[in-house]
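The residues making up each chain are set out below.
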Amino acid sequence: MKKVTKHITILGSTGSIGCSSLSVINSLGEDYKLVSASGHSNWQLLAQQARKYHLPKVVLTDPTHEDKLRNALAGTETQVLIGPQHLVDLAADPASDIVIVAIVGIAALPAVLAATRAGKVIAIANKESLVVAGCLLMPLAQQCHATILPIDSEHSAILQAMHSGSPAEIEKIIITCSGGPFRTASIEQLAQATLADALDHPTWNMGPKITIDSATMMNKALEIIEARWLFDTSPDKIEVLIHPESIIHSLVEFCDGSVIAQMSHPDMRLPIQYALTYPRRLPCPAKRLNLHELGQLHFARPDMARFPAIQLGFEVARRGGSAGAVFNAANEAAVAAFMMEKITFTQITALAEHCLQKQRWIEKPTLQDLLDADRWARLEVQNFIAKPDRSISPKHLPPKTIPQIPPDGPNIITANL
Ligand code: NAD
Ligand code: MG
């Protein structure tokens with residue numbers, strides 16, 4: 001049988017997932033070929049990748065280093081495109097079959113939409129675009145015959161476990177969570193957490209934004225919402241389980257009581273490869289699991305009082321509509337502010353909660369509504385930071401407060417900031 005080469009675009013090839021994706025493409029051999037890539041500001045690495053893979057096209061989204069990239073690629077056949085608008089063309093380019101979305105944050109959304117409209121296979125690491133626009137993306141994918149496959153390790157695990165039964169037979173989806181660097185920290189310690197503490201993840205080596213998200217457990221909140229859209233699942237069927245070793249990446253419980261878990265070493269190359277070769281499996285360079293060596297695995301319930309983000313994730317998944325856009329934007333803006341040391345660690349979740357409380361919720365948003373909601377939440381965070389008197393601080397939240405959804409009405413969560 002004649003082999004058909006799969007042509008691949010990586011959006012965000014210079015990041016953690018981008019580099020792991022390149023390693024997977026290398027090991028898969030000649031059946032998988034990289035044809036284009038994008039980076040934001042790391043022009044040196046993008047130039048290196050363009051030369052190594054003889055790329056016909058690259059996009060640099062941050063124009064600051066345009067001249068340096070053009071000089072670095074002078075004399076090669078690589079076409080250099082500058083600016084975020086070119087991501088959309090790259091995503092829909094007929095030259096590629098599979099688009100890996102490894103960009104961080106909502107900056108990926110226009111490209112994800114373009115790849116979806118073009119009917120591509122989309123290997124998606126970028127959870128933010130699903131959190132914000134899952135309600136539009138999933139129906140669009142169906143309409144345009146696009147296939148959206150998760151790279152996020154938990155969602156890859158769920159997809160793999162789901163093959164053991166039919167969707168109607170699924171009773172529960174159990175998303176595991178390492179617990180991050182503050183798994184055992186007290187509320188007082190969380191209030192004092194520094195940027196360096198938050199960037200020190202115990203089991204995964206990832207980009208800075210998702211590392212902070214893991215420390216606040218916003219990452220798990222985003223993953224609950226991601227799972228809700230990817231698998232068209234009721235949030236009431238989703239549970240979160242703390243599992244510090246990051247060996248079981250998630251589990252699916254079926255109606256007969258069977259629980260199917262996907263296990264492997266914490267190495268993103270496996271879920272990336274599964275998305276590229278789906279539904280086939282091929283040998284992967286990731287280290288093999290030796291349970292004998294590991295000896296024990298541990299599990300615990302998440303503590304919603306210390307990590308209220310998880311509860312917020314469930315609330316947003318239940319509410320849907322524009323809530324995901326507000327939640328994600330508030331978190332992105334708050335994480336950026338924390339990384340610039342303008343707010344404290346616990347203020348990240350508190351700001352997301354505050355924005356959810358204050359938003360004008362839209363049940364069936366258009367794309368424009370979602371973009372407006374995103375802009376509004378970012379402004380709300382900026383206004384908070386600019387306030388000279390920020391005396392109402394989340395540190396004053398009563399320790400056991402779990403925000404409740406009012407039965408109706410636009411303000412989905414009540415809490416103090
Ligand atoms: P990273 O910071 O290492 O890389 C981000 C990539 O996005 C880089 O290539 C960068 O150039 C690009 N980028 C940054 N800002 C951009 C902008 N404004 N416009 C266009 N491109 C931009 O991040 P990462 O850890 O690789 O994560 C990427 C995505 O994958 C995130 O959504 C994250 O949640 C998700 N994810 C990551 C991991 C992981 O192990 N790293 C696991 C699961 C999911
Ligand atoms: Mg994950």
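Criteria and thresholds
- Residues numbered from 1 in each chain as written.
- Chains lettered and ligands numbered in written order.
- Predicted model: local features only at pLDDT ≥ 70, side-chain atom pairs only at ≥ 80, totals over all residues.
- Heavy atoms only, no water.
- Near = heavy atom within 4 Å.
- Polar contact = N/O pair within 3.5 Å; in protein donor to acceptor, adjacent residues only side chain to side chain.
- Areas by Shrake-Rupley, 256 points an atom, 1.4 Å probe, with all protein chains shown as cover.
- Helix = DSSP H or I, 4+ residues; strand = E, 2+ residues; numbered from the N terminus.
- Nonpolar A, V, L, I, M, F, W, Y, C, P; charged D, E, K, R; others polar.
- Donors = N, O, S within 2.8 Å, 3.2 Å for Na, K, Ca; no water.
- Buried < 20%, exposed > 50% of the residue type's maximum accessible area, 1.4 Å probe, protein only.
- Patch = residues over 30% accessible without salt bridge, like charges linked within 9 Å, V, L, I, M, F, W, Y side chains within 5 Å.
- Salt bridge = Lys/Arg side-chain N within 4 Å of Asp/Glu carboxyl O.
- Pairing = 2+ DSSP bridges.
- Right-handed = clockwise from strand over helix to strand, strands pointing away.
- Phe/Tyr/Trp six-rings, centres within 6.5 Å; stacked < 30°, edge-to-face > 60°.
- Lys NZ or Arg CZ within 6 Å of the ring centre and 35° of its normal.

Enquirer: Would you explain the site of ligand 1 in this entry?
Expert: Close contacts around ligand 1 come from 23 residues, with Thr14, Ser16, His40, Glu128 and Gly207 the closest. In this structure, an oxygen atom belonging to ligand 1 sits 2.7 Å away from a side-chain N or O atom of Glu128. Bound to the protein, ligand 1 loses 87% of the 820 Å² it would expose on its own. For the shell around ligand 1, the elements supplying multiple residues, two or more each, are α1 (16–28), α6 (127–144) and α10 (208–216). Residue composition of the shell around ligand 1, grouped by class: ten nonpolar, ten polar and three charged.

Enquirer: Please clarify how the coordination of the magnesium ion (ligand 2) should be interpreted in this entry.
Expert: For a metal with four donors in a tetrahedral arrangement, the ideal angle between donors is 109.5 degrees, while six donors in an octahedron ideally sit at 90 or 180 degrees. Around the magnesium ion (ligand 2), the protein contributes the donor atoms Asp152 (OD), Glu154 (OE) and Glu223 (OE), which lie 2.0 to 2.2 Å from the metal centre. Between the donor residues of the magnesium ion (ligand 2), the gaps in sequence give the motif D-x1-E-x68-E. You can see Glu154 sitting in helix α7 (residues 153–162) and its partner Glu223 sitting in helix α11 (residues 218–230), a full 69 residues away along the chain. Glu223 matches Glu154 in its accessibility class, with the two residues each being buried.

Enquirer: Which parts of the structure should I look at to understand a nonpolar patch on the surface?
Expert: Among the surface-exposed residues, Met263, Leu291 and Leu294 lie close enough to one another that they form a single nonpolar patch of about 220 Å² accessible area. Tracing the backbone shows Met263 in strand β11 (residues 259–263). The partly exposed category is assigned to Met263, whose relative accessible area is 31%.

Enquirer: What exactly am I supposed to notice about the pairing of strand β7 (residues 147–150) here?
Expert: As paired strands, strand β6 (residues 121–124) and β7 are joined by four bridges and run parallel to one another. In the strand pairing of β7, Ile124 is matched with Pro150. Since β6 and β7 lie parallel, the crossover through α6 that links them has a hand, and here it is right-handed.

Enquirer: Would you mind showing me how to read the packing of aromatic side chains here?
Expert: The relation between two aromatic rings is expressed through the spacing of the ring centres and the mutual angle of the planes. The tally for this structure, following the rule as stated, stands at three aromatic pairs. Ring geometry for Phe182 and Phe345: centres 4.9 Å apart, planes at 80 degrees, overall edge-to-face. Here the residue Phe182 occupies a position in the loop between β8 (170–177) and α8 (187–192), and Phe345 occupies one in helix α16 (residues 345–358), the gap between them amounting to 163 residues. Both residues of the pair, Phe182 and Phe345, count as buried. Centroid distance Phe338 to Phe345: 5.7 Å. Interplanar angle 65 degrees. Geometry classified as edge-to-face. Taken as a pair, Phe338 and Phe345 share a single burial class, namely buried. Aromatic rings pair up to connect Phe182, Phe338 and Phe345 into one cluster. Across from the ring centre of Trp229, 3.9 Å away, lies the NZ or CZ of Arg228, which sits over that ring.

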